[in-house]
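Reading the structure
For reference, the chains in residue letters:
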Amino acid sequence: MSEKISDAKKMEIEKRADEILNQMTLKQKIAQLQCFMSIGTELNAEQFPDGLGEANIGLFGGTREEQAKIIDANKKAIAKNALGIQPIVHTESLTGIGTLFPSAIGLGATFNPELVEEVASIIHDEARAMGYQQTLAPVLDVCRDPRWGRVGETYGEDPTLCAMIGTAYVKGVQGEEGDLICATGKHFLGYGCSSGGLNMASCVATEKEIREVYAKPFQAAMTEGDMLSVMNSYGTINGEMVIGSKKILTDLLRDEMEFKGIVVSDYTSIEHMVGQRVAADMKDGGQAALEAGLDVECPFPNGYSTENLESGIANNEIDMEWIDRSVRHILEVKIRLGLLDGAQADFDRLNVYDSLESRETSLKAAREATILLKNDGVLPLAKKVQKIAVSGPHADSVRHLFGGYTTAAGIDMMMAGSIADQAGYENASMDDLASMSMSIKEDAPKYPGSSVDMDNPAALEAVAAAYPTTKTILQCLKDKKPEIEFSYARGCDIAGVNREGFNEAICLAENSDVVIVTVGGKYGWGGSCTVGEGVDCDNIGLTGIQEEFVLSLIETGKPVIVVHMDARPLCS
């Protein structure tokens, strides 16, 4: 459990950070404000002659131990160029790193902070085993508009629940002093209350609401969990972009809320300042963000390029204290993480990585996250049931079992070439990320009568291959009750108006004792999804004609069990 350090220890860390800061050249200081992302290849230390602040190293192939050793070697090689200061290597951990856990909206539905802390402690051990020192989670946004595509990443609409579950996650994932990693609370601030439920749009709120609702989970995670990192919101608050707001990132976060850790940018945030004409160019945007209180630019140094910041210093456009302030924040956290003392991956913990014990905890969390909304006597099923008709787009799909920020969703996105296929992400850095994809997006066919791309068959095959032991709902039912006769018909798609499958599913239902129908959306990234990052909507009912399909099954007079699998609450 992460706890605040003593005043004496804090003073010792501050003194050491200042001593190191005084030894650094300007280039070495600037390098600490920079991040670099690599997908599929390891870093080359020669690229970073002055060190590096943070890195995202995504490796393919090899065993977990081999990957962990590559990450460890990369950090140590870069440290030789920077007074022994290793970069912080970060990763996503919203649903876990090795072991897969329920999405955040599911963890929120457990109402069990002790269980969430246990989940997060497993994520901590898996991160340490791989050499990660920072996780880009938890999402502490309070979401009160389910049209927003990222609602599934949050713990819900209640600030007290978000504070309670979020703080438990932070305590578990950060670990204890001497064995720390950074939790990153995001997205500061008001991101989950965007106008019209649109991603990156403006949050309009009173000063009272900002503090008592949207800042509350962050304050709890800082005060009670000693959270070490915060990520900015892409959006605006009352017309001011957060990434360039001194009022939000310094006056509120640092001075009023007394945050002492690192502020990292959500990916390509400074580019958004330029895209929205808030900044004239990347140099102007970088200077505005630095003055506002942003410490590290992710995932590439564009606004915080060495050329831009050196030029700003030379032309008296940047106060040297802005750079020293951010470097000091970074050094203080790195000292606590052991990155100035030769910290390395804890390879011995690789036995925790997706272990049977970890999976048991995941199963427990999944069971507690499952909510029975209504039961008119159908459940539990009577022993006399002999025939069950199963239908719906999720029942026989491996991909639809997985939500956003899972490896499955990432494979789907990369294989389909839709990494930059999200509203609001039109900038050069996203084009760079798209070039790292496994495939280039081509014109994908749509589900008839909708704007949703049909699934890429190769992507679905790749997801299934990546999870060879994962069974579909249909297969699990058959394995659980081999004495029952199960029949299956898809019936309809997640989107569109194709009713050609209705008759087959209705026929099976009429000749069965009970019907199980799975409904919901597809959670992930890109045009083939109905909910997720950059996938907002104007209707929070079931997508496509699924409601019509369910009603047609109910009209058969057979008992119908509806299993809703989605990141978004329903209103019908």
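Report on the accompanying structure. (Residues numbered from 1 in each chain as written. Predicted model: local features only at pLDDT ≥ 70, side-chain atom pairs only at ≥ 80, totals over all residues. Heavy atoms only, no water.)

Focus on a nonpolar patch on the surface
Rules: Only residues whose relative accessible area exceeds 30% and that form no salt bridge are eligible for patches; like-charged ones are grouped when within 9 Å, while nonpolar side chains (Val, Leu, Ile, Met, Phe, Trp, Tyr) are grouped when within 5 Å. Values of accessible area rely on a 1.4 Å probe in the Shrake-Rupley scheme; residue burial ignores everything except the protein chains shown. One side-chain nitrogen of Lys or Arg within 4 Å of one carboxyl oxygen of Asp or Glu is enough to make a salt bridge. Counting from the N terminus, the helices are DSSP H or I runs at least four residues long and the strands are E runs at least two residues long.
On the surface, Leu372, Leu379 and Leu381 cluster together to form a nonpolar patch covering roughly 250 Å² of accessible area. The topology assignment puts leucine 381 in the loop between α14 (356–369) and β11 (387–391).

Points about the sheet that holds strand β5 (residues 182–188)
Quick reminder of the rule: Any two strands are treated as partners once DSSP identifies two or more bridges connecting them.
Spatially, seven strands are ordered β1-β2-β3-β4-β5-β7-β10 in an open sheet, and the strand pairing comes out parallel. The open sheet has two free edges, formed respectively by β1 (35–39) and β10 (262–264), since each of these has just one partner strand. Judged from the three bridges that link them, strand β7 (residues 229–232) and β10 form a sheet pairing that is parallel. In the sheet register, serine 229 faces β10, and the bridge partner there is isoleucine 262.

Focus: the pattern of salt bridges
One pass over the structure, following the stated rule, counts 34 salt bridges. Between aspartate 125 and arginine 349 there is a salt bridge, and its shortest N-O distance comes to 2.8 Å. Residue aspartate 125 is located in helix α5 (residues 113–130), and its partner arginine 349 is located in the loop between α13 (320–337) and α14; the two are separated by 224 residues in the primary sequence. One salt-bridge network, held together by shared partners, links Asp125, Arg128, Asp179 and Arg349.

Observations concerning the packing of helix α7 (residues 207–214) against helix α8 (residues 216–223)
Stated precisely, the cut-off is as follows: Note on geometry: axes are lines fitted to C-alpha atoms, helical ones only across the stretch in contact, with angles between N-to-C directions running from 0 to 180 degrees. For classification purposes, angles smaller than 35 degrees are called roughly parallel, those larger than 145 roughly antiparallel, those between 65 and 115 roughly perpendicular, and all remaining angles oblique. Note on contacts: a residue pair is in contact if any heavy atoms of the two residues lie within 4.5 Å. For this scheme, ten residues count as nonpolar: Ala, Val, Leu, Ile, Met, Phe, Trp, Tyr, Cys and Pro. Four count as charged, namely Asp, Glu, Lys and Arg, and the remainder, Gly too, count as polar.
Here α7 crosses α8 at 50 degrees, and the two axes come no closer than 5 Å. The angle between α7 and α8 falls in the class oblique. Each of Arg211, Glu212, Val213 and Tyr214 in α7 lies in contact with α8, whose residues at this interface are Lys216, Pro217 and Phe218. The residue makeup of the contact of α7 with α8, split by class, is four nonpolar, no polar and three charged.

Section: the nonpolar core
Counted only if it meets this: Here, nonpolar core refers to any group of buried Ala, Val, Leu, Ile, Met, Phe, Trp, Tyr and Cys residues whose side-chain atoms link them within 4.5 Å. Accessibility here uses a 1.4 Å probe with only protein chains present; expressed as a share of the type maximum, an area under 20% marks a residue as buried, one over 50% as exposed, and anything in between as partly exposed.
With 122 residues, the main nonpolar core has Phe188, Leu189 and Met227 as its most contacted residues. No other element matches α5, which puts nine residues into this core. Sequence-distant contacts of leucine 189, that is, excluding residues within four places in its chain, are made with Ile210, Tyr214, Ala215, Phe218, Ser233, Ile237, Val242 and Leu252. In terms of nonpolar packing, the next biggest core, distinct from the first, is built from 16 residues, Ala389, Cys492, Ile506 and Val550 among them.

Points about the layout of surface pockets
Inclusion rule: Put simply, the grid is 1 Å and covers the protein atoms alone, a cavity is a trapped set of points that fit a 1.4 Å probe, a pocket is an open set with protein on both sides within 12 Å along at least five of seven lines, and lining residues have an atom within 4 Å of a point. Grid points are joined across faces, edges and corners, and a volume is the space filled by probe spheres set on the points.
By volume, the second largest pocket amounts to about 630 Å³. What lines the second largest pocket is a set of 27 residues, among which Lys10, Glu258, Phe259, Lys260 and Gly261 lie closest to the centre. Secondary structure elements with two or more residues in the lining of the second largest pocket: α1 (7–23), α8, α9 (246–256) and α13. Here the residues of the lining of the second largest pocket sort into eight nonpolar, six polar and 13 charged.

Side note on the side chain of aspartate 493
Within the fold, aspartate 493 resides in the loop between β12 (485–489) and α19 (502–510). Sequence-distant contacts of aspartate 493, that is, excluding residues within four places in its chain, are made with Pro393, Tyr447, Asn498 and Gln546.

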